[in-house]
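# Commentary on secondary and tertiary structure
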Amino acid sequence: MTEEMKEPQLGPLGCLGRGHTPLVLKLLFFIFFSGLLLAILIQVFKVPSDQGQSKQEEIYQEMIQLKAGVDRLCRPCPWDWTSFLGNCYFFSKSTRNWTDSVIACKETGAQLVVIKSHEEQNFLQLISKNKGHTWMGMSDLNTEATWHWVDGSPLLPAFMKYWNPQEPNNLGEEDCAEFDGNGWNDDNCDVNNFWICKKPAASCPNQ
Ligand SMILES: *[C@@H]1O[C@H](CO)[C@@H](O)[C@H](O)[C@H]1NC(C)=O
Ligand SMILES: [Ca+2]
Ligand SMILES: [Ca+2]
């Protein structure tokens, strides 16, 4: 009887007696676990996004390096050609007559060299002096003593100083211009000489 009476009393007493403490504890636990859960959730979502960002950064860096590598592979001039002031030059290792030299250059998408500047002239003259007689893209085949470049432009007076002394002399019909020693000479077009082809350099990034 006593135990039966106590039981229903204990229930409400227990609840009432310890009523405030568990509620506060429950609240504290709720707040604590909510905070913990939030922290875990933040970690769970933050870590992959951080890794995602660093992965992106890694790929970006690799792409920059790859582009730099490709840029280094880009060459302003073909292999075996020499780059000078924005143009590419091919210095032949064999010899041909003037007409065949014109053709040889055309076949590589270039022109038998047309000289446009004094720097270029001095550069080509020096190389040819060390090598031997070398054709340039200039002749008076159309009209004797009227010199034209293969691009159709006339020989400008500013460049006439490059003729060697007493040249051009048209000795026994000489209609093609060559590098000869320190300057130019008109020579028989059938003679086999070295030749120089010229074409514009390709534009490469950061070069
Ligand atoms: C140039 O050389 C080629 C090949 O040897 C020859 O066929 C051609 O007739 C020559 N041209 C001149 C103008 O000498
Ligand atoms: Ca001539
Ligand atoms: Ca001559």
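Residues numbered from 1 in each chain as written. Chains lettered and ligands numbered in written order. Predicted model: local features only at pLDDT ≥ 70, side-chain atom pairs only at ≥ 80, totals over all residues. Heavy atoms only, no water.

### Details of the state of the cysteines
Definition in use: The rule for a disulfide is simple: a pair of cysteine sulfur atoms within 2.5 Å. Starting at the N terminus, helices and strands are each numbered in turn, a helix being any DSSP run of H or I of at least four residues and a strand any DSSP run of E of at least two. In this scheme, a residue with accessible area under 20% of its type's maximum is buried, one over 50% is exposed, and one in between is partly exposed, where area comes from a 1.4 Å probe on protein chains only.
For the structure shown, the criterion picks out four disulfides. Disulfide partner of C77: C88, at an S-S distance of 2.1 Å. Taking the sign of the torsion about the S-S bond as the criterion, the disulfide between C77 and C88, at about -90°, is left-handed. Taken together, the residues C77 in the loop between α2 (20-73) and β1 (82-84) and C88 in strand β2 (residues 87-91) connect sequence positions 11 residues apart. By relative accessible area, C77 is classed as buried at 8%. For C88, a relative accessible area of 1% gives the class buried.

### Re unusual backbone geometry
In this model, E167 is joined to P168 through a cis peptide bond whose omega is 0°. Even without glycine at this site, L85 takes up a positive phi of about 45°. Relative to the assigned elements, L85 resides in the loop between β1 and β2. Here the phi dihedral of N170 falls at roughly 50°; this positive angle occurs in a residue that is not glycine. Here N170 is to be found in the loop between β5 (146-149) and β6 (176-180).

### Points about the packing of aromatic side chains
The condition that has to hold: Only rings of Phe, Tyr and Trp enter the pairing, Trp through its six-membered ring, and a pair is recorded when the two centres are within 6.5 Å. The plane angle decides the type: under 30 degrees is stacked, over 60 is edge-to-face, the rest tilted.
According to the stated counting rule, one finds 11 aromatic pairs in the structure shown. Plain terms: the ring middles of F84 and F123 are 3.9 Å apart, the flat faces sit at 10° to each other, and that makes the pair stacked. Residue F84 is located in strand β1, and its partner F123 is located in helix α4 (residues 118-131); the two are separated by 39 residues in the primary sequence. Seen from their ring centres, F91 and F123 are 6.3 Å apart, and the 75° between their planes marks the pair as edge-to-face.

### Section: the pairing of strand β8 (residues 194-200)
Keep this limit in mind: Two strands form a pair only when DSSP identifies at least two bridges running between them.
Across the seven residues of β8, six count as buried, placing the element largely inside the fold. In the sheet, β2 pairs with β8 via five bridges, with the strands oriented antiparallel. Across the sheet, the residue bridging to F91 is I196, located in β8. Note: strand β3 (residues 111-112) against β8, two bridges, orientation antiparallel. Counted as the bridge partner of L112 is C197 from β8. When strand β4 (residues 134-143) meets β8, the two strands line up parallel, connected through two bridges. Residue pairing in the sheet places W135 in a bridge with W195 of β8.

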